[in-house]
Amino acid sequence: ELSRAGRTGRWVLLAVAASLVVAGLFAQDPVTAGPDELTLHGSIHAIASMIGIPGVPLAALLISHGLPKRDPAWNRHRTLVLVAAHLTWLSLLAMAAYFGWAVPRAGGFNAEVWAGWMNRIVVATYLAWQATIAWALRRTAA
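Since we're looking at a predicted model, the values are computed, not measured.

**Side note on the packing of aromatic side chains**
When we look at a pair of aromatic rings, we describe it by the centre distance and by the angle of the planes. Under the counting rule described, the total for this entry stands at three aromatic pairs. Each ring, one from Y98 and one from F99, has its centre 5.9 Å from the other, and the planes form 50°; the classification is tilted. Residue Y98 is classed as buried on the basis of its relative accessible area, which comes to 17%. Both rings, one in F99 and one in F109, keep their centres 5.3 Å apart while their planes meet at 75°; by these two values the pair is edge-to-face. Taken together, the residues span a long stretch of sequence, with F99 in helix α4 (residues 78-106) and F109 in the loop between α4 and α5 (115-141) at a distance of ten residues.

This is the structure:
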């Protein structure tokens, strides 16, 4: 059974899932849009994304640290699951650092800023954690 942190992580993951569904239902405003060009659907997308994107690393860390510590089946996979969980927030931090460096140099968001590539790296680490925990769960249940 998961610890309190793990159970909290499940609730965070549920909130993340709901927020990402909402973000998917509402189109994003162009990153080049000025304040007077922002739309309601773009604002809803942005708010939902601000919950979902940083929520995944929080959920990953809570769930991964909340795995049963005294269960030998989980202990075999603990290091791999924790490394995958830590990669989620490290990738998010790397993306923020890159944007903090690249956006001012490019004069704002434009084709010179590799926003799409950074986002793909973040999503790849999120998926890697999910695949790792699913693999560990399957191996533990077997």
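**What to know about the side chain of S49**
You can see S49 is positioned in helix α2 (residues 40-65). A distance of 2.9 Å separates a polar atom in the side chain of S49 from the backbone oxygen of H45. Apart from residues lying up to four places away in sequence, S49 is in contact with A23 and P54.

**So, the environment of L67**
If you trace the backbone, L67 turns up in the loop between α2 and α3 (72-75). Counting along the chain gives 61 residues from L67 to G6, while the straight-line C-alpha distance between them is 6.5 Å. What L67 contacts, discounting residues up to four positions off in sequence, is L2, W74, R78, V81 and I133.

**A few points about a nonpolar patch on the surface**
Residues V83, L87, W89, L90 and L93 make up a contiguous nonpolar surface patch of roughly 440 Å² in combined accessible area. By the secondary structure assignment, L90 is in helix α4. Classification of L90 by relative accessible area gives partly exposed; the value is 40%.

**Quick notes on the nonpolar core**
Among the nonpolar cores identified, the biggest contains 15 residues, and M95, Y98, F99 and V113 are the most heavily contacted of them. In terms of residue count, α4 provides more of this core than any other element does, seven residues in total. Ignoring sequence-local partners within four residues, the contact set of Y98 consists of V103, E112, V113, W114 and M118. Ranked by size, the runner-up nonpolar core spans eleven residues in total, among them A60, I63, L67 and W129.

**Details of α4**
With 29 residues, α4 ought to run about 42 Å at 1.5 Å a step, and its terminal C-alpha atoms sit 42 Å apart, in line with that. Of the residues flanking the end of α4, it is G107, one or two places downstream, whose phi is positive at about 75°.

What counts, and where the lines are drawn
Position numbers for residues start from 1 in each chain and track the written sequence from start to end. Reporting in this predicted model follows two pLDDT cut-offs: at least 70 for local features of residues, and 80 or more for side-chain atom pairs to be given and counted; totals over whole chains, interfaces and linings ignore these cut-offs and use all residues. Side-chain measures were taken over the full set of non-hydrogen atoms in the model, leaving aside hydrogen atoms and water. Each pair of aromatic rings taken from Phe, Tyr and Trp, with Trp reduced to its six-membered ring, is defined by centres within 6.5 Å and is described as stacked if the planes are under 30 degrees apart, edge-to-face if over 60, and tilted in the remaining cases. The rule is simple: take the accessible area with a 1.4 Å probe, protein chains only, and divide by the maximum for that residue type; under 20% is buried, over 50% is exposed, in between is partly exposed. Per the convention used, a helix needs a DSSP run of H or I reaching at least four residues, while a strand needs a run of E reaching at least two, with both numbered from the N terminus. Within 3.5 Å is the distance limit for a polar contact, defined as a pair of N or O atoms, with the added protein rule that one can donate a hydrogen and the other accept it, and that residues adjacent in sequence qualify only through two side-chain atoms. Here a residue-residue contact requires only that any non-hydrogen atoms of the pair lie within 4.5 Å. Residues enter patches when they are more than 30% accessible in relative terms and free of salt bridges; like-charged ones are connected within 9 Å and nonpolar ones (Val, Leu, Ile, Met, Phe, Trp, Tyr) within 5 Å. Residue burial considers only the protein chains on display, and all accessible areas are found by Shrake-Rupley using a 1.4 Å probe. What makes a salt bridge here is a side-chain nitrogen of Lys or Arg within 4 Å of a carboxyl oxygen of Asp or Glu, nothing more. Here, nonpolar core refers to any group of buried Ala, Val, Leu, Ile, Met, Phe, Trp, Tyr and Cys residues whose side-chain atoms link them within 4.5 Å. One less than the number of residues in a helix, times 1.5 Å, gives the span that helix is expected to have.

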